[in-house]
Each structure stands twice: as structure tokens, then as C-alpha cells.
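Working through the structure, step by step
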Amino acid sequence: MIWHPIGVARPVILLLSGPNLNLLGDRAPEVYGTETLLDHVTASRERANSQEFDLEHIQSNHEGDLIDAIHAARKRVAAIVINPGALTHYAWALHDALEAYEGPIVEVHLSDPAKRESWRHLSVVEPVATASIVGKGGAGYVEAIDIAIDACTKINE
Ligand code: DQA
């Protein structure tokens, strides 16, 4: 049985994208690839839909918008998949908002921050995440959706 909040017809996965990810495809393609954010969202949605989940997506360049979206996800959304962009490395308010969310959280990064500049080595999201998928490009998004759905399914086993 798949866990999801009472009263919700079809479970929802919330995909959150942090600052500068709206520039994917154009921004540092040698690091992040040539696919756009829409490409990743479309692939994620197709994977979620194939397993009877809906997918909502929010991209924001503002930490507060992402925190508001996480608050609004409480008791409503079955799981969160998040690429917080550079907020990953210092945004403790984002960590606290995610910690207050009761469902599974999967962190995803196109690149592997641990293999880049030292300031990218810390993730404030990792301590509250069920899993962190790094360095797999667009395939990482689909894998993150699978892990999120798997975690939802296991909650009631
Ligand atoms: C990123 C990695 C972050 O360090 C960076 O600030 C990003 C993208 C990734 O997907 O690889 O904006 O989250």
C-alpha cells in the first residue's frame, strides 16, 4: 500500500528546484549538461505518472519561496524531491523546513558537488534526506523519483 495523506485522490510528489536551475541548458553545459530544466521535469513527471503519482514542480531563485512550498507540502504531499542548487551548501532554514516535513525527501544534483570546489562539499539537506543522488545528470532525477516512490510504498509495509 502506498502511503499518502488522507483525502488526496492521487499521491503527489513535489519536485523543488533552487536558484539558477532555470538556466539549465545554457548555464555551464560542461558541468550540468545541455538538457533544460523542463527536460528534467518532463522526465520526472513521466516516471511519476507511470507509477500513478502526480508531480508538481516549483523552481525559485528565492529561499523563502522554497520554504513556503515545503510548509504547504506538509500533510498534503507524499514525498519531496529537491535540487536546492547552491542553497544546498548553506541554507539551514531550508534544512529546518525539510526537517519539519513528515514524508520522504530525496536530494538530487546533476553534478557531484563532492568532486568540485570545497565550499560545495557540505550539504545541509543530506542529514534530512532519505537518499542523495549526485553526479548522474538527468538520469539522477528519474532515479530520485523511483527512490521517493519506493520510500512512500515502504512506509506502510
Ligand atoms: C547543483 C550543484 C550545486 O553546487 C550548484 O550550486 C547548483 C547545481 C547540481 O545540480 O549539480 O546550482 O545542485
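Up top you'll find the structure we're talking about.
Residues numbered from 1 in each chain as written. Predicted model: local features only at pLDDT ≥ 70, side-chain atom pairs only at ≥ 80, totals over all residues.

A word on the overall build of the protein
- Helices and strands together make up the secondary structure of the protein, namely five helices and five strands.
- Listing the helices and strands of the protein from first to last along the sequence gives β-α-α-β-α-β-α-β-β-α.
- Computed over its C-alpha atoms, the radius of gyration of the protein comes to 15 Å, within 12% of the 15 Å expected for a compact globule of 157 residues.
- By its C-alpha atoms, the protein is 45 × 30 × 25 Å across when sized along the principal axes.
- Among the 157 residues that make up the protein, the fraction classed as buried is 36%.
- Look at the contacts in the protein between residues 6 or more apart in sequence, and 76% of them connect residues 24 or more apart. (Helix = DSSP H or I, 4+ residues; strand = E, 2+ residues; numbered from the N terminus. Rg over C-alpha atoms; globule rule 2.2 N^0.38 Å. Buried ≥ 20, exposed ≤ 12 C-beta atoms within 10 Å, placed from the backbone. Contact = placed C-beta atoms within 7 Å.)

Focus: helix α3 (residues 63–73)
- Residues of α3 that are buried: Leu66, Ile70 and Ala73. Buried positions in α3, seen along its axis, are confined to an arc of 60° and lie on one side of it. Turned more than 90 degrees off the buried face of α3, the exposed positions are Gly64, His71 and Ala72.
- Summarising the contacts, the buried residues of α3 are in contact with β1 (12–17), β3 (79–83) and α4 (92–99).
- Lys75 sits one or two residues past α3 and shows a positive phi near 65°. (Arc of directions from axis to C-beta.)

Observations regarding the site of the ligand
- Every residue close to the ligand is listed here: Asn20, Asn83, Gly85, Ala86, Thr88, His109, Leu110, Ser111, Pro113 and Arg120.
- Considering only residue class, the shell around the ligand consists of three nonpolar, six polar and one charged. (Near = placed C-beta within 6 Å. Nonpolar A, V, L, I, M, F, W, Y, C, P; charged D, E, K, R; others polar.)

A short note on the sheet that holds β1
- Spatial strand order, β2-β1-β3-β4-β5: five strands in an open sheet with parallel pairing. Since the sheet does not close on itself, it has two edges, and those belong to β2 (54–59) and β5 (131–134), each with one partner. Across the sheet, the mean angle from the axis of one strand to that of its neighbour is 20°, orientation sign disregarded.
- The strands touched by α3 are β1, β2 and β3; relative to β1, the strand with the most contacts, the crossing angle is about 170°. (Pairing = 2+ DSSP bridges. Axes fitted to C-alpha atoms, helices over the stretch in contact; angles between N-to-C directions.)

Comments concerning the pairing of β1
- Judged by how many residues are buried, β1 sits mostly within the fold: five of six residues are covered.
- As paired strands, β1 and β2 are joined by six bridges and run parallel to one another. Bridge pairing in β2 places Ser17 opposite Gln59.

What to know about helix α2 (residues 37–50)
- For α2, which comprises 14 residues, the first-to-last C-alpha distance of 20 Å matches the rise-based estimate of 20 Å (1.5 Å per residue) to within 8%.
- By the burial criterion, the buried members of α2 are Leu37, His40, Ser44, Arg47 and Ala48. Along the axis of α2, the buried residues cluster in a sector spanning 100°; they form a single face. Turned more than 90 degrees from where α2 packs its buried face, Glu46, Asn49 and Ser50 sit exposed.
- Two residues or fewer past α2, Glu52 is found with a positive phi of approximately 65°. (Expected span 1.5 Å × (residues − 1).)

The values reported here are purely geometric and, on their own, carry no functional implication.
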